[in-house]
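# Geometric and topological summary
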Amino acid sequence: MIYKVLIFSLFLLLCTACQKDAPSPPRILSLQINCDTLYYNHGVVVTTDFSPIDSLLFTMSLSEMGSYKYLINGLPMAVSSIDEQFQGTLPLDSLFDINNLSTVSHTITVDLYSHTGEYHSSKSTQVVLLPRDQVIPTSNLQLAPQTAVITNQKILTTDNRILDSITLSYSLPSTESASITVANRTVTSSGGAGKITLPISDFITDISNMNNLLIPITFHTNSGAIGYTDTLLLELLSHLPDPYDSYAWHTRFDENDFNSSYNVCPSANISLAEAWKTTRGAGVSIAVIDQGFEKNHEELLGKVTKTYNAEDNTTDVFTGSSAHGTTCAGISAAPLNGVGLGGAAPEANLILIAAPSLSDAALVRAFDYAREEGAGVISCSWGSYNVSQLLSEKIQELYDAGVVIVFACGNDNINLDEGNRNDESELPTVLGVGSSDEKNLLSSFSNYGSAIDFLAPGGSYTLGVLGTDLMGPSGSHEQMGVVNNNYAFASGTSFSAPLVAGVTALMLSVNPSLSPDEVRTILIESCEKIGIDAHYNANGFDTQRAYGKINAAKAVTLAASYR
Amino acid sequence: MKNILLLLTLLLSTQAEEYFYEFGEKVFLKESSNRNSSSENGFRYFETKHGYKMTTTGEVIVKLQSFDHLSYFLKTYPIDSYRKLDQQTFLLKLQSGHNVFTMANKIHRDSMSIYAQPNFIREQRGNR
């Protein structure tokens with residue numbers, strides 16, 4: 001028995017030894033080509049740096065040197081004695097039909113055989129052939145700037161400077177001279193890198209109704225090897241893009257992860273972005289009577305024409321630690337300037353009036369100051385359910401003088417018609433505003449009543465409207481993980497009112513003669529009827545939703561033609 | 001019995017009722033029992049019959065028939081200082097020791113005024 005085991009073990013050892021000694025077949029370890037992207041143009045194949053090319057250089061790395069046969073894409077090549085690192089050339093006409101070039105990705109496969117014809121190994125790589133006239137490598141040809149802003153009949157750079165010229169930068173092979181035609185101007189380059197600067201007036205003669213600018217480029221190397229005709233795009237924006245616009249669901253709808261995660265209804269906004277194509281409120285002053293104005297907020301700098309403290313007769317409006325006034329001011333008129341987000345009337349001016357105690361005397365003074373300083377509309381995000389005769393008469397006085405006054409109607413989810421309430425927002429001389437939310441429904445907290453006129457976005461308990469907060473870490477902490485500390489999401493009718501004030505400013509900028517009643521009529525006529533279980537009567541009024549939610553674009557269109 | 005009367009007097013004095021004129025009517029206010037009436041700045045705390053809270057500041061607001069009548073008011077009433085609110089409306093700071101409701105109602109009834117009331121801070125409904 002012991003002998004049998006020993007013999008079997010010896011047999012196994014012999015087998016193992018035999019396996020170790022058996023030679024493994026040679027293998028291709030790697031296959032590389034010198035250009036994996038080629039362009040073709042007018043029957044000429046060029047590299048990405050414009051050099052004409054008729055064959056590829058390939059490098060093959062083998063597991064051992066030897067005498068081999070190899071096939072490239074099935075075509076037999078000569079039997080060679082091949083080193084471990086082998087280089088060869090591959091004529092392009094063996095890969096492509098050179099007279100009938102087309103966009104294609106070509107696979108190059110090398111099959112390795114022994115000199116006796118025994119198959120060993122294969123390896124593949126790819127080369128892509130692209131039409132040159134559809135490809136503009138940005139490293140070779142660049143337009144600067146690529147984006148500009150048209151505002152107030154001026155063309156500005158995105159950092160707010162007058163744009164007077166555009167520059168085309170190019171990069172050619174150092175040996176290749178070329179003629180480059182941009183629009184109607186042709187320059188000659190002796191090769192290498194260069195720039196062509198042309199006045200913007202060559203491209204834009206009529207600034208009104210200007211859309212994106214397509215600039216034709218013709219490019220011919222003098223050898224004839226390279227040449228194409230194409231257009232470069234100068235994108236013309238209607239305003240400077242603000243980084244947080246995409247979170248401002250009350251102004252417009254963007255399809256993005258933020259809006260998806262909060263189930264924002266695409267029609268929850270009030271079409272402000274659309275209205276801004278017509279006007280941004282230039283020439284109109286919005287007075288905001290509130291408290292806690294940070295007049296040096298990055299979105300209010302340069303916007304504020306006057307500040308006034310109606311309590312102590314000073315210009316100090318940064319009263320208390322609240323950001324309430326700052327938020328209301330920003331929501332009504334923050335500029336489109338590449339910072340934060342745009343307010344409802346981004347080119348309107350702001351008059352900030354603090355009345356910290358909201359005493360009867362301070363309010364009379366505040367409203368009178370707003371009129372003295374030429375406010376076209378006054379935004380008020382406060383109320384008492386107990387309006388004074390004094391304030392009612394002062395508001396009547398301003399109404400008679402043509403000043404539009406907007407009041408938020410409060411956040412207690414109550415019917416103002418009940419319970420002996422006499423709220424400022426119910427006065428017939430003001431626009432009373434309730435709140436809609438991101439689902440395009442009545443906000444659950446919004447007050448309502450027969451004297452309220454319409455709704456505007458004020459958010460919900462889940463998601464507020466985005467506005468200006470105190471600068472830095474103080475203020476609200478409702479940044480929702482998407483905006484910095486200078487901004488916050490805030491909910492309440494307090495933020496619906498400045499939106500209506502801003503839309504009113506837009507309307508007054510296209511039709512300054514509108515009376516407060518005409519503004520109300522237009523806003524009501526352009527309202528959208530919202531609400532799943534709403535019951536709008538024959539006059540278009542619903543008890544809780546008033547005449548519906550305002551629409552800025554429609555209101556501005558109606559205002560422009562209103563006589 | 002004397003003690004009961006004394007207690008009632010004390011209770012009434014801390015629950016003083018005042019009135020002023022607004023929208024052509026007398027508006028009665030009950031002094032708030034849970035606020036310190038003699039707090040700083042002469043502020044006193046009241047509530048309307050509907051429960052709205054109002055605070056007086058020791059000042060009276062008067063709307064005059066004409067700006068020319070201002071000197072008459074300054075001579076006639078115990079006014080310490082004044083501030084113009086608009087062309088016809090003035091905030092009058094009373095000399096100490098005078099009840100703002102008594103003086104506001106006197107001025108209100110004066111034929112040279114259109115209207116007068118204490119300067120109130122009305123409790124605001126809350127912001128979200």
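Conventions adopted
Residues numbered from 1 in each chain as written. Chains lettered and ligands numbered in written order. Predicted model: local features only at pLDDT ≥ 70, side-chain atom pairs only at ≥ 80, totals over all residues. Heavy atoms only, no water. Helix = DSSP H or I, 4+ residues; strand = E, 2+ residues; numbered from the N terminus. Contact = heavy atoms within 4.5 Å. Areas by Shrake-Rupley, 256 points an atom, 1.4 Å probe, with all protein chains shown as cover. Buried < 20%, exposed > 50% of the residue type's maximum accessible area, 1.4 Å probe, protein only. Expected span 1.5 Å × (residues − 1). Pairing = 2+ DSSP bridges. Axes fitted to C-alpha atoms, helices over the stretch in contact; angles between N-to-C directions. Salt bridge = Lys/Arg side-chain N within 4 Å of Asp/Glu carboxyl O. Parallel < 35°, antiparallel > 145°, perpendicular 65-115°, else oblique. Disulfide = S-S within 2.5 Å. Buried area = accessible area lost by both parts, 1.4 Å probe. Polar contact = N/O pair within 3.5 Å; in protein donor to acceptor, adjacent residues only side chain to side chain. Nonpolar A, V, L, I, M, F, W, Y, C, P; charged D, E, K, R; others polar. pLDDT = per-residue confidence, 0-100. Core = buried A, V, L, I, M, F, W, Y, C linked by side-chain atoms within 4.5 Å.

The number of helices and strands found in chain A is 9 helices and 28 strands. Taking as baseline every contact in chain A between residues at least 6 positions apart, the subset at least 24 positions apart corresponds to 68%. Working note: accessible area of chain A is about 24100 Å², and carbon and sulfur atoms make up 50% of it.

On to the overall build of chain B, then. Scanning chain B for helices and strands turns up 3 helices and 7 strands. The secondary structure elements of chain B, listed N-terminal to C-terminal, are α-β-β-β-β-α-β-β-α-β. In chain B, buried positions account for 43% of the 128 residues. Considering only intrachain contacts with a sequence separation of at least 6, the fraction spanning at least 24 residues in chain B is 53%.

Residue and element names in this part refer to chain A. Look at helix α5 (residues 360-372): 18 Å from first C-alpha to last across 13 residues, which is about the 18 Å you get at 1.5 Å a residue. In terms of burial, α5 is largely enclosed, as 11 of its 13 residues are buried. All of the buried residues in α5 are Asp360, Ala361, Ala362, Leu363, Val364, Arg365, Ala366, Phe367, Asp368, Tyr369 and Ala370. Looking one or two residues past α5, Gly374 carries a phi angle of roughly 85°, positive in sign.

The next point concerns helix α6 (residues 389-400) of chain A. For α6 of chain A, with 12 residues, the first-to-last C-alpha span of 16 Å sits near the 16 Å given by 1.5 Å per residue. Positive phi shows up at Gly402 of chain A, right after α6 of chain A, with a value of about 95°.

A few words on the sheet that holds strand β11 (residues 141-144) of chain A. Residue and element names in this part refer to chain A. Here we have 3 strands laid out as an open sheet, ordered β11-β14-β17, and antiparallel in their pairing. Whereas interior strands pair on both sides, the edge strands pair on one side only; in this sheet they are β11 and β17 (193-199). Between one strand and the next, the sheet's axes are offset by a mean angle of 15°, whatever the strand orientation. Of the strand pairs in this sheet, strand β14 (residues 165-171) and β17 are connected by 7 bridges, and their pairing is antiparallel. Within β17, the residue paired with Leu168 across the bridge is Ile196.

Residue and element names in this part refer to chain A. An order of β21-β22-β20-β23-β24-β25-β26 is seen for the 7 strands of this open sheet, with the pairing classed as parallel. Two strands close off the open sheet at either side, each with one partner strand: β21 (304-309) and β26 (454-457). When strand polarity is set aside, the average angle formed by the axes of neighbouring strands in this sheet is 25°. With 4 bridges connecting them, strand β20 (residues 285-290) and strand β23 (residues 377-380) associate as parallel partners.

Side-chain pairing between opposite charges can occur once the charged atoms of the two side chains come close. Applying the stated criterion to the full structure yields 23 salt bridges over all chains. Residue Asp368 of chain A pairs with Lys394 of chain A through a salt bridge whose shortest N-O separation is 2.8 Å. On the criterion of sequence distance, the pair formed by Asp368 of chain A in helix α5 and Lys394 of chain A in helix α6 is long-range, its members being 26 residues apart. By the burial criterion, Asp368 of chain A is buried, and Lys394 of chain A matches it. Through salt bridges with shared partners, a single network forms among Arg365, Asp368, Arg371, Glu372, Lys394 and Glu397 of chain A together with Asp86 of chain B.

For any two helices packed against each other, one specifies the inter-axial angle together with the distance between the axes. All names here are of chain A. Put simply, α5 and α6 touch, their axes get as near as 9 Å, and they point 5° apart. Compared by their axis directions, α5 and α6 come out roughly parallel. Across the interface between the two elements, Asp360, Leu363, Val364, Phe367, Asp368 and Arg371 from α5 touch Leu390, Leu391, Lys394, Ile395, Glu397 and Leu398 from α6.

Residue and element names in this part refer to chain A. All chains considered together, the criterion is met by 0 disulfides over all chains. As a non-bridged cysteine, Cys328 has Cys380 as the owner of its nearest cysteine sulfur, 9.7 Å distant. Looking at Cys328, the relative accessible area reads 0%, which means it is buried. Free cysteine: Cys409, not disulfide-bonded; nearest cysteine sulfur from Cys527 at 13 Å. With a relative accessible area of 0%, Cys409 lands in the buried category.

Residues and elements named next belong to chain A. In this fold, Asp417 is placed in the loop between β24 (404-408) and β25 (431-436). Put simply, Asp417 and Glu518 are 101 residues apart on the chain and 25 Å apart in space, counted from C-alpha to C-alpha. Residue contacts for Asp417: discarding those within four places in its chain leaves Glu426, Gly449, Ser450 and Ala451.

With that settled, consider the interface of chain B and chain A. Reports of interface size often rely on the accessible area that becomes lost once the parts have come together. Chain B puts 28 residues into the contact, and the matching count from chain A is 44 residues. At the boundary of chain B with chain A, total buried surface from both sides reaches about 2800 Å², with 47% on carbon and sulfur atoms. Seen at the junction of chain B and chain A, the total is 4 salt bridges. Here Glu393 of chain A and Lys63 of chain B are joined by a salt bridge, their closest N and O atoms 3.4 Å apart. The interface formed by chain B and chain A includes 21 residue pairs in polar contact (both at pLDDT 80 or more). Elements with a contribution of two residues or more to the side of chain B that touches chain A: β4 (53-64), β5 (79-84), β6 (89-94) and β7 (113-122) of chain B. For the side of chain B that touches chain A, the element with the most residues is β7 of chain B, which contributes 7 residues. Residues belonging to the side of chain B that touches chain A are distributed by class as follows: 10 nonpolar, 9 polar and 9 charged.

Next up on the list: unusual backbone geometry. All names here are of chain A. A cis amide bond links Ala144 with the next residue in sequence, Pro145, at an omega value of -5°. If you check the backbone angles, Ser271 has positive phi at about 55° while not being a glycine. Take Ser271: it is sitting in the loop between α2 (257-261) and α3 (272-275). Residue classification places Ser271 among the buried residues on the basis of a relative accessible area of 19%. Even without glycine at this site, Asn413 takes up a positive phi of about 50°.

Close inspection of predicted coordinates is inappropriate for parts of the model with low pLDDT. Residues and elements named next belong to chain B. On average, residues of chain B score 85 in pLDDT, and 79% of them are at 70 or above. Taken element by element, chain B is modelled with least confidence in helix α1 (residues 2-14), mean pLDDT 52, and with most confidence in helix α3 (residues 100-109), mean pLDDT 97. Overall fold confidence (pTM) sits at 0.70, and the ipTM for the predicted complex is 0.88.

Next up on the list: the nonpolar core. All names here are of chain A. Counting residues in hydrophobic clusters, the biggest one holds 74 residues, and the most contacted among them are Ile286 and Leu523. Of the residues forming this core, the biggest block, 10 residues, is contributed by helix α7 (residues 493-510). With near-sequence residues (within four places) excluded, Leu523 lies in contact with Leu431, Phe454, Val500, Val503, Thr504, Met507, Ile550 and Ala555. Counting residues in hydrophobic clusters, the runner-up holds 27 residues, among them Ile351, Leu358, Ile378 and Val403.

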